[in-house]
Each structure stands twice: as C-alpha cells, then as structure tokens.
Amino acid sequence: MAIKVVVSGAAGKMGQEVVKAVHQASDMVLVGAFDRQRTGEDAGTVAGVGFIGVEIQDDLTEVLTNSKAHIMVDFTEPGSVLENVFTALHLGVRVVVGTTGLSQVELEEIETLSLEKDLGAVVAPNFAIGAVLMMYLAQQAASWFPHVEIIELHHERKKDAPSGTALKTAEMIKEAWSDLETASADIPMDEWESLPGARGGNLEGIHIHSVRLPGFVAHQEVIFGLAGQTLTLRHDSINRESFMPGVLMAIREVVQITGLIYGLEHLLF
Ligand code: NAP
C-alpha cells in the first residue's frame, strides 16, 4: 500500500520540492497540502509538476483528517512547526520534520508525545546526505583538532540563525571533545571586538558565523586549526533537490518506528 503523505508548508520553497518528490515516488501518494499561502491552488501546479488534484488548504486538522494521511512532512517555520507536529501526532499521524529552530525542550516534548501515541517522528536539521557526512567527519576530526570555527552560508530569506546544522555540528564536536583535555572552549583568547559580533556567535567556545546572501542555498564550512595546519570540511547544497533523498528515506523509515529519531545520521549509519 502506498504511503499517504501530507505536506505542511506545501507552497514554500522546500514544501514544493517535497510535493514534487513525493508525487514522483512510486511507493507514496500525496494526499494533502497545507499552507497559508497559495490556498485554493493545486499543489502540483504550484510545485511545477502539473495538476495533481491536491488543493492547498489552510486548516491542518481538516487536511490530515480528510486525507487519512499516514505521514505529515513539515517544512514551515520555527514558530509554527511545534503546533503542527502536535496536531498531527494527536490525530495519529506520524511526522517527518525538516523545519529548523526546534529547541531541546521542544524535541523532548515531541519524543514524549510520539511515545505516548505509539507513533514515529523523524526530525532532521539537514536532510542532505552530504551534509550529514560532513557532520560525521567533523566529529571524527575533532578528536585530533581542539580548535574549530564554523561558517554557515544560506539564502537571504532564512529566518533562523545560526542554522540547525551548524548547531548540531557544534554539539557533535563537543561530544567528541568530552574525552579531550584541551578544547578551544578552554583556550583563553586575548581578543576584543571593535565591531560587536565580528567573531560570530559563541557556543561554549565554538564560534559560529552566519552568512545570509542571495545566491546561496545551504552551505557550511567546518575549519579545524592546529599549529601549522588547518583542515576544512565543506558541504554545498546547490539546489533543494539535494534534500529529497533524505526526506524520502525518512518517510519510509518513520512508518516503522516508535518515538523520535533526531538526525538523518541515525538512518544512514
Ligand atoms: P518558506 O519558503 O518560507 O516556506 C515555508 C512555508 O510555510 C511558507 O509558505 C509559509 O507561509 C508556510 N507557513 C509557515 N507557518 C505556517 C503556518 N503556521 N500555517 C500555514 N503555513 C505556514 O521556507 P523554506 O525555505 O521552504 O524553509 C522551511 C523550513 O525548512 C525552514 O525552517 C528552513 O530552515 C528549513 N529547511 C530545512 C532543511 C533540512 O534539510 N532540514 C533544508 C532547507 C530548509 P508564510 O510565507 O506566510 O510564512
């Protein structure tokens, strides 16, 4: 039986790409589309794949109930995602979440509710397989490099900064550092900023720099430094298609699990 998918944020940049990918997947069917933009329009037409007979509607409960959806895929915004996830789980619909900006506490709330409802949830701040590998490799390299800075570069309309990927990379590096005696968090830096913010955000010693410019999609560099050498890991998503193999993988996986999986790496490794 085909997996019935509703896309939340279907009129957005990522949502349109998901509509396209689900429509083209032989084991899935798009049964509903939710957004407050482009309501009344056909989701396929909006996504550029032609008419598919699924209207974009602005009442999530109605969309999920009428469509008898198995899965809701959410690519909306940090201020909307939690409510959408709760709505879905309360209606017995599993969730795949790409929207970034969820806090640790909110992730725990999703985990608790999904376990309570005996449903699966996959949340991934980055669905690009190459980006997940970059984070994994950064965690490996961190064991040898006690100093690192992260530069993430995104399109100018990204709402949250730093990116979820940058935060997760920093967390993974810190995990690797927990065995090290000296990490950059412990190095006393004799520096001051004549322009506040020039050194980026400081997550417990890891500096994260967020660039927002037209022309970028989603990119990240992790630069490690050691006396006389640097190591740079870089990943570029040059278009939004790059996220779709990961999203489809998560949709196929979430029907089989109970509770929360946070991070695509847990589906890859
Ligand atoms: P976008 O183009 O702004 O699309 C979001 C869509 O959701 C918009 O049409 C927006 O409407 C709609 N929306 C937001 N809140 C809503 C609500 N409460 N009810 C109904 N519709 C609502 O954004 P995007 O570039 O597609 O990105 C979406 C999210 O995905 C962001 O958090 C981004 O960081 C994340 N992202 C994740 C990955 C990943 O791999 N995990 C990759 C890329 C992006 P309005 O315009 O009216 O707000």
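Residues numbered from 1 in each chain as written. Predicted model: local features only at pLDDT ≥ 70, side-chain atom pairs only at ≥ 80, totals over all residues. Heavy atoms only, no water.

All right, on to the site of the ligand then. Close to the ligand lie 23 residues; Met14, Gln37, Ser80, Thr100 and Phe127 are nearest. Lysine 13 is positioned with one of its side-chain polar atoms (N or O) 2.8 Å from an oxygen atom of the ligand. Lysine 158 places a polar side-chain atom, nitrogen or oxygen, 2.9 Å from an oxygen atom of the ligand. Taken by itself the ligand offers 930 Å² of open surface, and the protein chains cover 83% of this. Looking at the shell around the ligand residue by residue, the classes come out as seven nonpolar, nine polar and seven charged. Three or more residues apiece are contributed to the shell around the ligand by two domains, here domain 1 (3-123 + 240-268) and domain 2 (129-237). (Near = heavy atom within 4 Å. Polar contact = N/O pair within 3.5 Å; in protein donor to acceptor, adjacent residues only side chain to side chain. Areas by Shrake-Rupley, 256 points an atom, 1.4 Å probe, with all protein chains shown as cover. Nonpolar A, V, L, I, M, F, W, Y, C, P; charged D, E, K, R; others polar. Domains from an automatic or database assignment.)

In this section: a nonpolar patch on the surface. On the surface, Ile129, Leu133, Tyr136, Leu137 and Phe269 cluster together to form a nonpolar patch covering roughly 430 Å² of accessible area. When you line up the elements, phenylalanine 269 lands in the segment after helix 9 (265-268). Overall, phenylalanine 269 belongs to the exposed group, its relative accessible area being 53%. (Patch = residues over 30% accessible without salt bridge, like charges linked within 9 Å, V, L, I, M, F, W, Y side chains within 5 Å. Salt bridge = Lys/Arg side-chain N within 4 Å of Asp/Glu carboxyl O. Helix = DSSP H or I, 4+ residues; strand = E, 2+ residues; numbered from the N terminus. Buried < 20%, exposed > 50% of the residue type's maximum accessible area, 1.4 Å probe, protein only.)

Below, the discussion takes up helix 6 (residues 129-142). Between its first and last C-alpha, helix 6 extends 20 Å over 14 residues, near the 20 Å set by a 1.5 Å rise per residue. Those residues of helix 6 that are buried lie in contact with helix 7 (164-177), strand 10 (218-226), strand 11 (229-237) and helix 9. (Expected span 1.5 Å × (residues − 1). Contact = heavy atoms within 4.5 Å.)

As a further point, take the side chain of histidine 154. Assignment of secondary structure puts histidine 154 in strand 7 (residues 147-154). By relative accessible area, which is 10% here, histidine 154 ends up buried. Within polar-contact distance, the side chain of histidine 154 engages the side chain of glutamate 152 at 2.7 Å. Sequence-distant contacts of histidine 154, defined by excluding residues within four places in its chain, comprise Ser163, Val211, Arg212, Leu213, Phe216, Val217, Ala218 and His219.

Take the packing of helix 4 (residues 78-90) against helix 5 (residues 104-116) next. Following both chains from N to C, one finds helix 4 and helix 5 inclined at 5 degrees, their axes separated by 10 Å at the closest point. One finds that helix 4 runs roughly parallel with respect to helix 5. In contact with Leu82, Val85, Phe86, Leu89 and His90 of helix 4, helix 5 contributes Glu106, Glu109, Ile110, Leu113 and Ser114. Split by residue class, the contact of helix 4 with helix 5 holds six nonpolar, two polar and two charged. (Axes fitted to C-alpha atoms, helices over the stretch in contact; angles between N-to-C directions. Parallel < 35°, antiparallel > 145°, perpendicular 65-115°, else oblique.)

This part covers the pattern of salt bridges. Where side chains of opposite charge bring their charged atoms close, a pairing between them can arise. Taken as a whole, this structure holds 13 salt bridges when the rule is applied. Put simply, glutamate 221 and arginine 234 hold a salt bridge, and the shortest N to O gap is 2.9 Å. Within this pair, whereas glutamate 221 is found in strand 10, its partner arginine 234 is found in strand 11, the two being separated by 13 residues in sequence. Exposure remark for arginine 234: the relative accessible area of 41% places this residue in the partly exposed category. With a shortest N-O distance of 2.7 Å, arginine 234 and aspartate 236 are connected by a salt bridge. On the basis of relative accessible area, aspartate 236 is assigned to the partly exposed category, the value being 33%.

Right, let's talk about the packing of aromatic side chains for a bit. In total, this model carries three aromatic pairs according to the counting rule given. With 4.6 Å between their ring centres and 35 degrees between their planes, tyrosine 136 and phenylalanine 269 make a pair best called tilted. In this pair, tyrosine 136 sits in helix 6 while phenylalanine 269 sits in the segment after helix 9, placing the two residues 133 residues apart along the sequence. Measuring from ring centre to ring centre gives 5.6 Å for phenylalanine 145 and phenylalanine 224, while their planes differ by 45 degrees; the resulting arrangement is tilted. (Phe/Tyr/Trp six-rings, centres within 6.5 Å; stacked < 30°, edge-to-face > 60°.)

A separate point is the domain arrangement of the protein. As assigned here, the protein comprises domain 1 (3-123 + 240-268) and domain 2 (129-237). Computed over C-alpha atoms only, the centres of domain 1 and domain 2 are separated by 29 Å. Residue-level contacts link 15 residues of domain 1 with 12 residues of domain 2. In total, about 1,200 Å² of surface goes out of reach between domain 1 and domain 2, with carbon and sulfur atoms giving 63% of it. Run the count over domain 1 and domain 2 and you get two salt bridges. Linking glutamate 77 and lysine 159 is a salt bridge whose minimum nitrogen-to-oxygen distance equals 3.0 Å. If you look at where domain 1 meets domain 2, you find five residue pairs in polar contact (both at pLDDT 80 or more). Those elements that place two or more of their residues in the side of domain 1 that touches domain 2 are helix 8 (244-254) and helix 9. (Buried area = accessible area lost by both parts, 1.4 Å probe.)

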